[in-house]
Structure formats: C-alpha cells, structure tokens
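Descriptive structure summary
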Amino acid sequence: MNNKYYILRHGESEANRLNLIISSPENGITNYGLTENGRNQAAEAGRRLVENGFDSKNTVFFSSDFKRAYETAQIAAGAIDIELIYVTPALRERFFGIYEKQSSSNYELVWELDKNGREDHSTYVEPVYRIAERATALINNCEKWFTGKNIILVSHGDILQITLTVTAGKSPNQHREIEHLQNCELRELNFKGELSLP
C-alpha cells in the first residue's frame with residue numbers, strides 16, 4: 001500500500017445515549033451529534049495522535065457526513081492543526097432500514113443474519129457486501145490520490161468493522177468476529193493480500 005490507513009469510530013453520540021439507531025442521512029447529517037462525553041473522547045483521540053507522531057504534514061482525514069462523525073473528525077484533526085477534512089458519503093453509517101429511530105437492540109437481529117450470510121430484504125437493511133464495496137472503493141481511490149500519508153477514516157461501527165474484516169482478507173459477513181470498536185478507538189488497518197472489491 002502507498003499509505004497507512006487508520007479507522008476512528010466517532011465519539012459517544014446523542015443517539016448512543018438514547019439507544020437509538022440513526023442511520024438515515026435525513027436524520028444523521030444534521031442531528032444526533034456528539035454528547036459532551038463524546039467531545040471529550042474525540043479530544044482524547046486527538047491527544048493520542050499527537051503522542052504518536054501524527055501531524056498536519058503526514059496525515060489526511062476523511063469523514064462520514066453524519067454529524068457525530070464529522071464533529072469527531074473536526075476535534076481530533078484540530079489537535080494536529082488539520083482544518084481540511086474530506087467529507088464523503090462513502091463513510092456513512094450502514095443504513096438499517098425499518099429499524100431507523102428504533103432501539104439499538106435491533107442491531108443484534110441484523111448481525112445474526114450477517115453472521116449466517118443471510119439478508120432479509122423486507123427490512124431494507126444495507127447488505128454487508130455493499131458496505132464493503134464503498135469502503136474499499138474509497139481506499140483504492142486514496143491509493144491513487146496520496147502517497148506516504150497516514151489516512152484516518154472517521155466513521156461508524158458497522159462500516160468500520162466490515163472494513164477491518166475485508167482488509168484482513170475475510171468475508172464481510174464475519175465482521176462480528178473481530179473485536180468491537182469502542183467510541184473514538186483508533187485502529188490501524190492491516191492488509192492481507194490485495195483488495196479484491198472495486
């Protein structure tokens with residue numbers, strides 16, 4: 001790879017606090033930003049970047065356009081004097097269909113289907129392979145656009161779990177077998193083989 005890639009999950013959001021699924025752009029782009037605790041988590045993530053030698057010359061930020069992710073990116077990037085954040089729908093939250101604005105306990109229903117390689121089309125939940133496609137397409141584009149950079153992808157739990165899974169050479173439906181990302185956890189992507197998705 002021409003660059004090193006890191007994923008950063010957003011800080012605690014109002015949706016997390018309310019145990020709500022917010023996955024639709026109409027709800028997530030302008031609403032349900034970070035809580036005070038989430039802002040503190042993002043600031044701590046920024047401090048860790050400083051401690052680990054990330055700076056404005058060697059680091060590029062990409063973020064989901066959802067409020068909770070973009071606020072996280074702004075705070076963390078600000079710690080290393082980065083103002084330019086590339087905002088992209090490619091990093092949006094997975095769309096959870098009929099479970100929008102429902103209890104976050106419904107994630108488990110979706111993940112059980114994922115694990116068994118199944119889809120329930122009646123729920124309109126975004127399939128794992130589509131999420132893998134948009135994440136890997138972004139990484140492949142970054143390989144064309146940048147060289148020698150630390151690229152930080154600020155996004156959401158499911159898309160980042162799936163990205164971790166496919167870059168490790170596993171099927172995207174195995175994403176719950178990888179240790180769950182906590183709010184504002186930064187993790188490096190370790191690529192095994194070439195990205196096979198477009």
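The sections below set out a description of the structure shown in this document.

Quick notes on the rules
- Residues numbered from 1 in each chain as written.
- Predicted model: local features only at pLDDT ≥ 70, side-chain atom pairs only at ≥ 80, totals over all residues.
- Heavy atoms only, no water.
- Pairing = 2+ DSSP bridges.
- Helix = DSSP H or I, 4+ residues; strand = E, 2+ residues; numbered from the N terminus.
- Axes fitted to C-alpha atoms, helices over the stretch in contact; angles between N-to-C directions.
- Buried < 20%, exposed > 50% of the residue type's maximum accessible area, 1.4 Å probe, protein only.
- Contact = heavy atoms within 4.5 Å.
- Patch = residues over 30% accessible without salt bridge, like charges linked within 9 Å, V, L, I, M, F, W, Y side chains within 5 Å.
- Areas by Shrake-Rupley, 256 points an atom, 1.4 Å probe, with all protein chains shown as cover.
- Salt bridge = Lys/Arg side-chain N within 4 Å of Asp/Glu carboxyl O.

**Some thoughts on the sheet that holds strand β4 (residues 150–155)**
Picture the strands of a sheet paired through backbone hydrogen bonds; they go either parallel or antiparallel. Strand order in the open sheet made by the 5 strands is β3-β2-β4-β1-β5, with mixed pairing throughout. In the strand order of this sheet, the two ends are held by β3 (85–87) and β5 (186–188), each with one partner. Strand after strand, the sheet turns through a mean of 25° between neighbouring axes, direction not considered. Both strand β1 (residues 4–9) and β4 contribute to a ladder of 6 bridges, which runs parallel. Note on β4: the bridge partner recorded for Y6 is I152.

**As for the side chain of S13**
Inspection of the secondary structure puts S13 in the loop between β1 and α1 (14–18). On the basis of relative accessible area, S13 is assigned to the buried category, the value being 1%. Aside from chain neighbours lying at most four places away, what touches S13 is Y32, G33, L34, T35 and R68.

**Thoughts on a nonpolar patch on the surface**
Together, F95, I98 and Y124 line one region of the surface with nonpolar side chains, adding up to about 330 Å² of accessible area. Its location among the elements puts Y124 in the loop between α5 (107–115) and α6 (128–145). With a relative accessible area of 60%, Y124 lands in the exposed category.

**Things to note about the pattern of salt bridges**
Counted by the stated rule, this structure contains 9 salt bridges. Put simply, R94 and D158 hold a salt bridge, and the shortest N to O gap is 2.8 Å. Linking R94 in the loop between β3 and α5 with D158 in helix α7 (residues 157–167), this pair joins segments that are 64 residues apart in sequence. In terms of burial, R94 and D158 fall into one category: buried. When the shortest N-O distance is used, the salt bridge between E185 and R187 registers 2.9 Å. Relative accessible area serves as the criterion here: at 23%, E185 is assigned to the partly exposed category. The exposure class assigned to R187 is buried, which follows from its relative accessible area of 16%.

**Details of the environment of E12**
Checked against the element boundaries, E12 lands in the loop between β1 and α1. For the pair E12 and E36, spaced 24 residues apart in sequence, the C-alpha separation works out to 8.3 Å.

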